[in-house]
Amino acid sequence: MTNAIEERNRVIDVLRVISQFFVVGSHAIYVVDWIYALGFASWTLPLVRNSTVFFMFMSGYLFARGLPTFDFKALWKKRFRTVMVPYLICLIPMVVIYTLDAKYRTDIKAWLALIFTGANFVNRALWFFPLILSFYLISPISARIYRHEKLFLVVVFVSMIVSFLVHRPTYVERLHHSLLYFLFPYYAGMALFRYEKQVFSFMRNGHWLVLAALIGVVVWQVDIGPELRTRRGYQTYRGFADVTWKVWDLSAIQKTLVFFLAYYYLSISERALRWFKPLEWYSPYCFGIHLYHGYLMSLYAYFYLPAPSKNVVWGFFAAWIGFWFASVAFVVVLSKLAGRRSIHLFGH
């Protein structure tokens, strides 16, 4: 891999931080009891939940950007060092927990699910890392699809339809469900890079149409999407037998539109980019924040889990912002202490 793909993209750096902030918010949902704020939940949670779509969109964009210079063997070697090793190190607390807990100590299926899919009951974010590693493994296939324009466009469209039907959240030990679901934002990110000039030409006058589409999607989510089930005891599905045309999951298209608009506005506005410039400093720490913020939330829940409160909304935002700052502090301090070895902990 040449240095071309290592060049920093200021807009992506800013959006990476914002995306990580929303990922923390998507997990802060589980810290409060929404029984007293179901109306708020129906309208607001769709904007927060499933924010991993942002990272998949970015990954697809950066993959297409670096594709002309990719050496896949070098890519896999680098990702083993910067993704697989930090992931395995991050699993150590879960290994200790499983070893001490008689319920899991001899459960081979639970151990395999933990290691190969990140499924566990403590750190909700670990499932993401086997998922992104799966995308790295299929990168030669993605490259071949990308180089055949008509096939690529068909795959983007089909993956969008699949994302409507293969809902999130789901049981994270079903890695193939997540892989199918996140194909759309990943390939949408690749499409943005491929057609960026044409897209920006359209957006000069058409960005209001995209914004209107986003508002329509959010309204539609409340009416027919999975968030409707928040009021019925939020349910997920176990297998493809549960897929139905009657209930669509619009989170992937919603988050893709949000990221798309944010990328466009930051790209054309130097003033906006300067306003968000301080966020660039946090960008290298986002991977570590993603790895470890789930542990901090579980520690909070273990030592201090408040009773259901009618102040749900304020409690949610306090948890969201509080866990974000705690995660940043945790990763930054450990990075400074570890020095160059922090690459084994946080991928940088």
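Just so you know, these numbers come straight off a predicted model, no measurement behind them. (Residues numbered from 1 in each chain as written. Predicted model: local features only at pLDDT ≥ 70, side-chain atom pairs only at ≥ 80, totals over all residues. Heavy atoms only, no water.)

Draft legend 1. The arrangement of the pattern of salt bridges in detail. Under the criterion given, the structure shown has four salt bridges. With a closest N to O distance of 2.9 Å, Arg16 and Asp13 form a salt bridge. Of this pair, Arg16 and Asp13 both sit in helix α1 (residues 10-28), three residues apart, which is roughly one turn of that helix. According to the relative accessible area criterion, Asp13 is buried, its value standing at 6%. Ionic pairing is found between Lys277 and Glu280, a salt bridge with its closest N-O pair at 3.9 Å. With a relative accessible area of 43%, Lys277 lands in the partly exposed category. When salt bridges with common partners are traced through the structure, they connect Arg10, Glu270, Lys277 and Glu280 into a single cluster. (Salt bridge = Lys/Arg side-chain N within 4 Å of Asp/Glu carboxyl O. Helix = DSSP H or I, 4+ residues; strand = E, 2+ residues; numbered from the N terminus. Buried < 20%, exposed > 50% of the residue type's maximum accessible area, 1.4 Å probe, protein only.)

Draft legend 2. Just the packing of helix α11 (residues 175-194) against helix α13 (residues 251-268), in detail. It is the contact of α11 with α13, at a shortest axis distance of 10 Å, that shows an interaxial angle of 25 degrees. As the angle between them shows, α11 and α13 are arranged roughly parallel. The element α11 and its partner α13 pack so that their crossing is right-handed. Seen from α11, the contacting residues are Tyr181, Phe184, Pro185, Ala188 and Leu192; seen from α13, they are Ser251, Ala252, Ile253, Thr256, Phe260 and Tyr263. (Axes fitted to C-alpha atoms, helices over the stretch in contact; angles between N-to-C directions. Parallel < 35°, antiparallel > 145°, perpendicular 65-115°, else oblique. Left-handed = near helix turned anticlockwise from the far one by under 90°. Contact = heavy atoms within 4.5 Å.)

Draft legend 3. The arrangement of the packing of aromatic side chains in detail. According to the stated counting rule, one finds 40 aromatic pairs in the structure shown. Both rings, one in Phe21 and one in Trp320, keep their centres 4.8 Å apart while their planes meet at 25 degrees; by these two values the pair is stacked. Within this pair, whereas Phe21 is found in helix α1, its partner Trp320 is found in helix α16 (residues 312-338), the two being separated by 299 residues in sequence. Connected via pairs of aromatic rings, a cluster forms that spans Phe21, Phe22, Phe54, Phe57, Phe259, Phe316, Phe317, Trp320 and Trp324. A cation sits over an aromatic face here: Arg124 above Tyr30, 4.0 Å from the ring centre. (Phe/Tyr/Trp six-rings, centres within 6.5 Å; stacked < 30°, edge-to-face > 60°. Lys NZ or Arg CZ within 6 Å of the ring centre and 35° of its normal.)

By themselves, these observations are geometric and do not establish any function.
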